[in-house]
Protein chains: 2
Amino acid sequence: MTEKMIPDIVIGRLPVYLRALQRMVQEGRQVTSSQELGERLGISAAQIRKDLSQFGEFGKQGTGYQIDYLVDQIREILNVNQVWEIAVIGAGDIGSAVARYGGFANRGFAVRMIFDNNPEAIGKLVGSFTVQETAVMVPAIQQAGIQIAMIAVPANQAQEVADKLVEAGVKAILNYAPLSLNVPEDVHVQYIDPVIHLQRMTYYLE
Amino acid sequence: MTEKMIPDIVIGRLPVYLRALQRMVQEGRQVTSSQELGERLGISAAQIRKDLSQFGEFGKQGTGYQIDYLVDQIREILNVNQVWEIAVIGAGDIGSAVARYGGFANRGFAVRMIFDNNPEAIGKLVGSFTVQETAVMVPAIQQAGIQIAMIAVPANQAQEVADKLVEAGVKAILNYAPLSLNVPEDVHVQYIDPVIHLQRMTYYLE
């Protein structure tokens with residue numbers, strides 16, 4: 001349980017390290033260093049060493065990290081040494097793009113089902129999935145034991161959808177709708193809103 | 001220039017405050033408090049007061065914040081009291097969804113052009129934009145004076161696209177490709193990778 005005391009900001013950097021390390025694997029690389037990883041990521045080598053040391057000893061002084069081993073260890077820490085199934089709510093542009101996204105493979109996730117409340121969307125194919133009506137969402141998610149969902153519905157429907165997802169037993173929500181959700185403490189929410197990222201950059205522009 | 005000394009993490013919260021305040025405006029609200037805002041966002045009232053106090057005095061003790069006024073002030077701080085034009089690179093699922101996204105209006109941004117290097121995509125309509133070939137990207141962006149771009153191309157093309165965007169004078173990049181980019185210090189990059197967000201949550205799941 002000591003792992004649970006590690007600051008969330010450290011947890012938030014592990015997926016970025018993992019992504020860079022998996023890219024090195026694709027490049028046929030076998031060994032790396034905190035210096036090299038830091039240069040790729042624009043993070044200091046000391047920060048990377050400090051972050052990783054919270055979870056154990058993954059490299060030897062002077063010889064660097066065995067990439068395969070470090071990838072395995074971080075995947076285990078992040079619980080992505082398995083495939084998590086995902087329900088996507090909303091079959092509009094963004095929901096459809098996410099449901100068809102090829103980037104989940106080998107990174108621990110697979111979209112399993114997609115829902116919409118628009119009669120014109122229900123029954124249509126999105127990638128390899130038939131869009132189901134939102135009315136069957138709660139039992140479908142419960143029956144499949146799905147713990148992760150993505151919300152890609154208009155902002156004014158997002159809280160209602162989130163409430164149903166919580167009812168269905170979902171414990172992690174990735175929210176593409178541009179508003180903050182209210183959920184119980186044991187449910188995790190992450191947000192993707194391009195405008196939030198853009199406004200963070202325009203502050204620095206002339 | 002003192003504003004530039006404010007920690008980036010504070011700057012990163014301002015767009016979230018702005019989004020919640022603009023939502024209150026839509027709801028017809030006129031006055032709010034750091035308590036109410038904090039409850040909506042899951043952030044402490046003290047944090048919100050501290051963040052805002054870095055930029056001036058926006059509320060009176062006991063009477064709260066005039067929402068319209070605070071919205072105007074934060075828009076000015078973030079430089080989004082104007083419309084920034086955006087170039088989208090990549091007309092696949094994600095690039096197309098972003099180019100058609102209705103959520104930029106009133107938040108300081110407008111997509112202006114979209115590019116792709118796939119002969120099957122070039123010339124097609126995405127929303128109201130004709131997809132242009134990547135070969136004309138640099139002069140087109142320069143001529144339009146565009147400073148912000150979104151990269152939505154496969155990971156193995158993203159760095160090359162970023163290099164061209166820098167050459168074209170782009171100063172802020174929102175990168176949807178799942179890898180870290182190397183850019184000069186005066187170019188800002190933000191990342192959107194759903195897997196990074198998902199892995200940050202699976203750490204906490206059983």
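Keep in mind that this is a model prediction, so the values were computed, not measured. (Residues numbered from 1 in each chain as written. Chains lettered and ligands numbered in written order. Predicted model: local features only at pLDDT ≥ 70, side-chain atom pairs only at ≥ 80, totals over all residues. Heavy atoms only, no water.)

J.: Which residues make up the packing of helix α1 (residues 8–26) of chain A against helix α4 (residues 67–77) of chain A, and what values do they have?
T.: Residues and elements named next belong to chain A. Closest axis-to-axis distance for the α1/α4 pair is 10 Å, and the angle between their directions is 145°. As for the relative orientation of α1 and α4, their crossing is left-handed in sense. On the side of α1, the interface is formed by L14, Y17, L18, L21, Q22, M24 and V25, while α4 contributes I67, D68, L70, V71, I74, R75 and I77. (Axes fitted to C-alpha atoms, helices over the stretch in contact; angles between N-to-C directions. Helix = DSSP H or I, 4+ residues; strand = E, 2+ residues; numbered from the N terminus. Left-handed = near helix turned anticlockwise from the far one by under 90°. Contact = heavy atoms within 4.5 Å.)

J.: Describe the packing of helix α1 (residues 8–26) of chain B against helix α3 (residues 45–53) of chain B, listing the residues and the values that go with them.
T.: Residue and element names in this part refer to chain B. Where α1 meets α3, the axes come as close as 10 Å, and the angle between the chain directions of the two elements is 110°. Viewed along their axes, α1 and α3 adopt a mutual orientation that is roughly perpendicular. For the pair α1 and α3, contact is made by V10, R13, L14 and Y17 and by Q47, I48, D51 and L52, respectively. Residues that form the contact of α1 with α3 fall into these classes: five nonpolar, one polar and two charged. (Parallel < 35°, antiparallel > 145°, perpendicular 65-115°, else oblique. Nonpolar A, V, L, I, M, F, W, Y, C, P; charged D, E, K, R; others polar.)

J.: I'd like a rundown of the pairing of strand β4 (residues 84–89) of chain A, residues and numbers included.
T.: All names here are of chain A. In terms of burial, β4 is a largely internal element, five of the six residues being buried. As paired strands, β4 and strand β5 (residues 109–116) are joined by six bridges and run parallel to one another. Bridge assignment links W84 to a residue of β5, and that residue is F109. Taken together, β4, helix α5 (residues 93–100) and β5 form a β-α-β motif whose crossover is right-handed. Examined bridge by bridge, β4 and strand β9 (residues 148–151) share four bridges and lie parallel to one another. What sits directly across from A87, in β9, is A149. (Buried < 20%, exposed > 50% of the residue type's maximum accessible area, 1.4 Å probe, protein only. Pairing = 2+ DSSP bridges. Right-handed = clockwise from strand over helix to strand, strands pointing away.)

J.: Break down the layout of surface pockets for me, with residues and values.
T.: Estimated volume of the largest pocket: approximately 2200 Å³. Every residue lining the largest pocket is counted, 48 residues in all, and those nearest its centre are Q190(A), H197(A), R200(A), H197(B) and R200(B). Put simply, the parts of the chain that give the lining of the largest pocket at least two residues each are α1, α2 (34–41), β11 (188–191) and α8 (194–202) of chain A together with α1, α2 (34–41), β11 (188–191) and α8 (194–202) of chain B. Within the lining of the largest pocket, the residues separate by chemical class into 22 nonpolar, 13 polar and 13 charged. Approximately 980 Å³ is the volume found for the second largest pocket. As for the second largest pocket, its lining consists of 44 residues, and the residues nearest its centre are Y101(A), V153(B), P154(B), A155(B) and P178(B). If you list the elements that add at least two residues to the lining of the second largest pocket, you get α1, α4 and α5 of chain A together with α5 (93–100), β5 (109–116) and α7 (155–167) of chain B. Its residues assigned to classes, the lining of the second largest pocket shows 19 nonpolar, twelve polar and 13 charged. (1 Å grid on protein atoms, 1.4 Å probe; cavity = no way out; pocket = protein on both sides within 12 Å on 5 of 7 lines; lining within 4 Å. Points joined across faces, edges and corners; volume = space filled by probe spheres on them.)

J.: Would you mind going over the interface of chain B and chain A in detail, with residue names and values included?
T.: Chain B puts 64 residues into the contact, and the matching count from chain A is 64 residues. Counting the surface lost from both chain B and chain A, the interface buries some 6300 Å², and carbon and sulfur atoms represent 61% of this. Our count for the contact surface shared by chain B and chain A stands at eight salt bridges. On inspection of chain B and its partner chain A, the count reaches 23 residue pairs in polar contact (both at pLDDT 80 or more). (Buried area = accessible area lost by both parts, 1.4 Å probe. Salt bridge = Lys/Arg side-chain N within 4 Å of Asp/Glu carboxyl O. Polar contact = N/O pair within 3.5 Å; in protein donor to acceptor, adjacent residues only side chain to side chain.)

J.: Describe empty space enclosed by the protein, naming the residues involved and giving the relevant values.
T.: For the coordinates displayed, the defined rule picks out one cavity of 30 Å³ or more. In this structure, the largest cavity spans a volume of roughly 220 Å³. The wall of the largest cavity is formed by 14 residues, among which I94(A), Y176(A), I94(B), V98(B) and Y176(B) lie closest to the centre. Among the secondary structure elements, those contributing two or more residues to the lining of the largest cavity are α5 of chain A together with α5 of chain B. Across the lining of the largest cavity, the residue classes break down as 14 nonpolar, no polar and no charged.

J.: Explain the packing of aromatic side chains residue by residue, including any values.
T.: Residue and element names in this part refer to chain B. This model, assessed by the stated rule, comprises four aromatic pairs over all chains. Geometrically, the ring pair formed by Y101 and F104 is edge-to-face, given 5.1 Å between the ring centres and 85° between the ring planes. Of the residues examined, F104 reaches a relative accessible area of 3% and is grouped as buried. Measuring from centroid to centroid gives 4.9 Å for Y203 and Y204, while their planes differ by 90°, and the two rings are edge-to-face. On the accessibility criterion, Y203 (1% relative accessible area) is buried. Note on Y204: relative accessible area 22%, which makes it partly exposed. (Phe/Tyr/Trp six-rings, centres within 6.5 Å; stacked < 30°, edge-to-face > 60°.)

Everything listed is a geometric property; what it means functionally is a separate question.
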